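One letter stands for each residue in the lines below.
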Amino acid sequence: MSSIHPVIILSQQLIRIDSITPEDKDCQILLADLLKAAGFVIEHKKFGEVDNLFAYHGNKPGKNLMFVGHTDVVPTGEENLWKHPPFSATIEDEYLYGRGAADMKSAVAAFTLAMIDYVKENPDHKGKIALMLTSDEEGVALDGIKKMMPYIAQNHDFDYCLVGEPSSAKNLGDTVRIGRRGSLHVNITIHGKQGHVAYPEKANNPVFLSAKIIDDLSQFQWDQGNDDFPPTSFQISSLKTSTNTSNIIPADLHIQANFRYSPESTQESLQQKLEKLLQQHELKYSLNWNLSGLPFHSKSKELKLALQESIKRFTNQEPIFNAAGGTSDGRFVAPFGVEVVELGVINDTIHQVDEKALIDDVIKLQNIYLEIITTLLR
Ligand SMILES: [Zn+2]
């Protein structure tokens, strides 16, 4: 290799820091120093033990765009299973290897440098360009973007947010996330009456009482989904009775379940539908709800077009827009009225041994990000 591209050098510097969640280990200081030198306003903000960084440039009227990402990585697993040490950031055969190479230190390097390039070329640009980084995305995600967003929103408004999570499937830019499903947990307890198995007439078995509703739940249509979202799904993950002996009819059956829901449903609508079903089956029940993520769905044509055009320009392909995958930090940004999308490198090795990214993709990603900034802040 003749010379290493700056975005690869920065990615390597970040990968060589073993910032296993929730540690940042000064990745953010490294990035903040670069941004500060380019004229960005920097704020380091710690919540609990978690390091967060907010940086922005520009205060003129216009559109405001923020990049979101994380500097923490998941643990490496068995280090000797890796072909190169996970924090060595080794380059081999067009690939950059290491923990965080795909999720998501290369994207953090790409948008940081894209922002700096943009400001260098357009020092008096319209609107605002910003970055928000946390080090707790891969963990419990309580002291990161969840707390940063309300804090920053006191003084800053954003129109658009681009999360650099690895969204691509087979080729860079083939998939863009324009939403995520909501996640709602529920613990259902079906109450029966405890008794001796030899005297069923004196008891009421909650397992038998629940058989019919479990069958109904397996087929129930909560909504139809929409063009970008599949219909809401309801899954039972555990069934447990209150006793653990063979001669007792249990008093209660505990059902643990989760909704992955489309924006066509709400927490309230799902709660009402479930309660109605339980009542129709004339069951005695108690419910315990726990919302772990709201769904979001970005409908901005301007944002979609900007992504489409820049991806096409650098990769020659038409991206698919969808809302697949698990939750991400985007769920904490969208409730503030921000249009959130996710675009990053190929995700086929994330969280695995020998995590890697194509060097050419990381360089292209920086170009794509720069083009998106240029289009949206125009
Ligand atoms: Zn990630």
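Scroll up a little and you will see the structure.
In this report, we go over the structure that sits alongside the text. What you see is a predicted model, and the numbers here were worked out from it, not measured in a lab.

To continue, consider the coordination of the zinc ion. Surrounding the zinc ion are the protein donor atoms H70 (NE2), D103 (OD), E165 (OE) and E165 (OE), at 1.9 to 2.7 Å. Coordination at the zinc ion is irregular, judged from the 4 donor atoms that bind it and the angles of 52 to 141 degrees they form at the metal. Positions of the donor residues of the zinc ion along the chain correspond to the pattern H-x32-D-x61-E. With D103 in the loop between β5 (95–97) and α3 (105–121) and E165 in the loop between β7 (160–163) and β8 (175–177), this residue pair connects regions lying 62 residues apart in the sequence. Exposure remark for D103: the relative accessible area of 5% places this residue in the buried category. Assessed through its relative accessible area of 9%, E165 is described here as buried.

Turning next to the pattern of salt bridges. All told, the structure shown has 10 salt bridges when counted by the stated rule. We note a salt bridge from K46 to D51, for which the minimum N-O separation is 3.5 Å. Relative accessible area serves as the criterion here: at 47%, K46 is assigned to the partly exposed category. Among the ionic pairs, E371 bridges to R313, the shortest N-O distance being 2.7 Å.

So, about the environment of S168. Here S168 shows up in the loop between β7 and β8. Counting along the chain gives 160 residues from S168 to I8, while the straight-line C-alpha distance between them is 19 Å. Sequence-distant contacts of S168, that is, excluding residues within four places in its chain, are made with G173, D174, T175, G344, V345, I346 and N347. Reaching out from S168, the side chain makes a polar contact with the backbone oxygen of G344 at a distance of 2.6 Å.

The tendency in soluble globular proteins is for nonpolar side chains to be buried side by side. L343 and Y369 are the most contacted members of the largest nonpolar core, which totals 58 residues. For this core, the element with the most residues is α3, which contributes 11 residues. Counting 21 residues, the second largest nonpolar core, distinct from the first, contains F47, M132, A141 and V340.

Cut-offs used in this document
As a convention, each chain's residues are numbered from 1 in the sequence order in which they are written. Side-chain atom pairs in this predicted model are given and counted only at pLDDT of 80 or more, local residue features only at pLDDT of at least 70, and totals for whole chains, interfaces and linings cover all residues. As a rule here, side-chain values come from all non-hydrogen atoms in the structure, and water together with hydrogens is ignored. Note that water is not among the atoms used; donors are N, O and S atoms within 2.8 Å of the metal (3.2 Å for Na, K and Ca), so sites may look incomplete. In this scheme the shape depends on donor count and angles: four donors with every angle between 85 and 135 degrees give tetrahedral, four or six donors with opposite pairs above 155 degrees and others between 65 and 115 give square planar or octahedral in turn, and any other case is irregular. Secondary structure elements follow DSSP: runs of H or I of four or more residues count as helices, runs of E of two or more count as strands, with numbering from the N terminus. For the exposure calls, accessible area comes from a 1.4 Å probe over protein chains only, and a residue counts as buried if that area is under 20% of its type's maximum, exposed if over 50%, partly exposed in between. A pair is scored as a salt bridge if a Lys or Arg side-chain nitrogen falls within 4 Å of a carboxyl oxygen belonging to Asp or Glu. Two residues qualify as a contact provided that any one of their heavy atoms is within 4.5 Å of a heavy atom in the partner residue. Pairs of N or O atoms within 3.5 Å make up the polar contacts considered here, provided that, within protein, one atom can donate a hydrogen while the other can accept it, and that residues adjacent in sequence are counted only when both atoms are side-chain atoms. Side-chain atoms within 4.5 Å are what join buried Ala, Val, Leu, Ile, Met, Phe, Trp, Tyr and Cys residues into a set we call a nonpolar core.

Interpretation in functional terms is not warranted from these geometric data alone.
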